[in-house]
Amino acid sequence: MQTLTKSEARRAALRAQGVDRSRTAAPVTMRHLTRTVDRINLLQIDSVNVLARAHLVPLYSRLGPYDTALLDRAAGRAPRRLVETWAHVASYVPATTYPLLEWRRRAYQKEAWSSISAVPRAHPVELELVRALVTERGPITAAALHDALERRGDVSPRSRGEWGWNWTTAKRCLEFLFFTGEVLSASRNAAFERRYDLAERVLPPSVRHAPPVADDDAVRRLLELGARAHGVGTARCFQDYFRVTGPAARRALAELVEEGTLEPVEVEGWAARTYRHRDAVVPRTVSAATLLSPFDPVVWERRRLEALFDVYYRIEIYVPAPKRTLGYYVLPFLEGEDVTAMVDLKADRAAGVLQVAAAHGTAHTGPDTASALAAELATLAAWLGLERIVVRPVGDLARALDAEVAR
């Protein structure tokens, strides 16, 4: 069995994710964007917008400053290169990956949240009304659809006094149809609301008419894509990528090992059983210097991050402020093959300021970390259209970072 040092495993993982090299200064094109998404397989979508939308930052981490309208075009105009669906969680995936997730859409009673899976039983009449209205008026947002039904007296008025996920019945019906693949997101509006339309009017013809994929074949392919995107990892790492579990995932792993797609390896200091994808490359050096979103595939699986990079990291948005150790919205800073800092960032768009609420070093912080991080923050601020960087005196790296920012 091959043995990899932890450094070799890190470098293989970073090459697989496309964060092993300095970013090019050339303008980012649609070809760059689609090639990057094809490599990492998906972009996680999340409503958090403290710094930038969750799906935008992984592309920035790999490509540098880019025009986000490219992503809007890839997912919102025909022929769509990217499609929204439930993958890792709600995600953009390459259109060619969409058929591999059909088994999940059919298994909605087990795979979907109870509030979604219960819709056919709880709201059968409203479900048919929503179907008809999307067919008639799509693309349409959930709010516009509810208002149309409310004006007709088909649904009760919306409650406007609550907060959080206060979904209307119309929204629940739409989310059921979205989960099961009957409707898709044709695009997002300026408020980042989905504009729902029939899947047949959203999917590219080549995907719409593709032959069905057998469930076991689909799970095996998804597991292989997760392994390819990670380069090196455990079964848990690969399964987490597209959230495939159970007997089908275990069979798929065994088959991938048997056919030689996955090779069992030992990684020094990693106690779990690990595998290397046969196409994984171990570069001699890694020269990246980039910030990673909390929703980046490099840091999704926190135990993997801790085992490979020797750093502890958690997103603490839902942790009460007095109990936070790193901050509210913390991004790891990747310097070479090491995570050398953790910075709590917020974009104050009204003031034009990138706020560094805290800056913490790690066991891998080096003498040039503050300088490299300051340069990366300047690039990030410019991409976000922010004019200044303000560093608060929180964290053991804050003073040195503030001095570098002030230069």
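Report follows, based on the coordinates. What you see is a predicted model, and the numbers here were worked out from it, not measured in a lab. (Residues numbered from 1 in each chain as written. Predicted model: local features only at pLDDT ≥ 70, side-chain atom pairs only at ≥ 80, totals over all residues. Heavy atoms only, no water.)

Points about the packing of aromatic side chains
Now for step 1: Taken as a whole and assessed by the stated rule, the structure comprises eight aromatic pairs.
Now for step 2: Ring centres 5.8 Å apart and planes at 55 degrees place the aromatic pair Tyr-241 and Phe-242 in the tilted group.
Now for step 3: Residue Tyr-241 is classed as buried on the basis of its relative accessible area, which comes to 0%.
Now for step 4: Feature note: the residues Tyr-60, Tyr-66 and Trp-383 constitute an aromatic cluster, connected by ring pairs. (Phe/Tyr/Trp six-rings, centres within 6.5 Å; stacked < 30°, edge-to-face > 60°. Buried < 20%, exposed > 50% of the residue type's maximum accessible area, 1.4 Å probe, protein only.)

With respect to the sheet that holds strand 12 (residues 338-348)
Now for step 1: With mixed pairing, the five strands of this open sheet are ordered in space as 10-11-12-13-14. Each edge of the open sheet carries a strand with a single partner, namely strand 10 (289-291) and strand 14 (388-391). Between one strand and the next, the sheet's axes are offset by a mean angle of 30 degrees, whatever the strand orientation. (Pairing = 2+ DSSP bridges. Helix = DSSP H or I, 4+ residues; strand = E, 2+ residues; numbered from the N terminus. Axes fitted to C-alpha atoms, helices over the stretch in contact; angles between N-to-C directions.)

Some remarks on the pairing of strand 14
Now for step 1: Side chains of strand 14 alternate between two faces, with Ile-389 and Val-391 buried and Arg-388 and Val-390 left unburied.
Now for step 2: As for the winding sense of the linkage, the β-α-β connection from strand 13 (residues 353-361) through helix 18 (residues 369-383) to strand 14 is right-handed. (Right-handed = clockwise from strand over helix to strand, strands pointing away.)

A few points about the packing of helix 18 against helix 19 (residues 398-406)
Now for step 1: Taken N-terminus to C-terminus, the directions of helix 18 and helix 19 make an angle of 55 degrees; their axes are 8 Å apart at the nearest point. By the angle between their axes, helix 18 is oblique relative to helix 19. In this structure, helix 18 meets helix 19 at a crossing whose hand is right-handed. Of the residues in helix 19, those in contact with Ala-370, Ser-371, Leu-373, Ala-374 and Leu-377 of helix 18 are Ala-400, Leu-401, Glu-404 and Val-405. (Parallel < 35°, antiparallel > 145°, perpendicular 65-115°, else oblique. Left-handed = near helix turned anticlockwise from the far one by under 90°. Contact = heavy atoms within 4.5 Å.)

Regarding the sheet that holds strand 2 (residues 43-44)
Now for step 1: Strand order in the open sheet made by the three strands is 2-4-3, with antiparallel pairing throughout. The open sheet is flanked by strand 2 and strand 3 (82-86), the only strands paired with a single partner.
Now for step 2: Note that strand 3 and strand 4 (residues 90-94) share five bridges and pair antiparallel. In the strand pairing of strand 4, Glu-84 is matched with Tyr-92.

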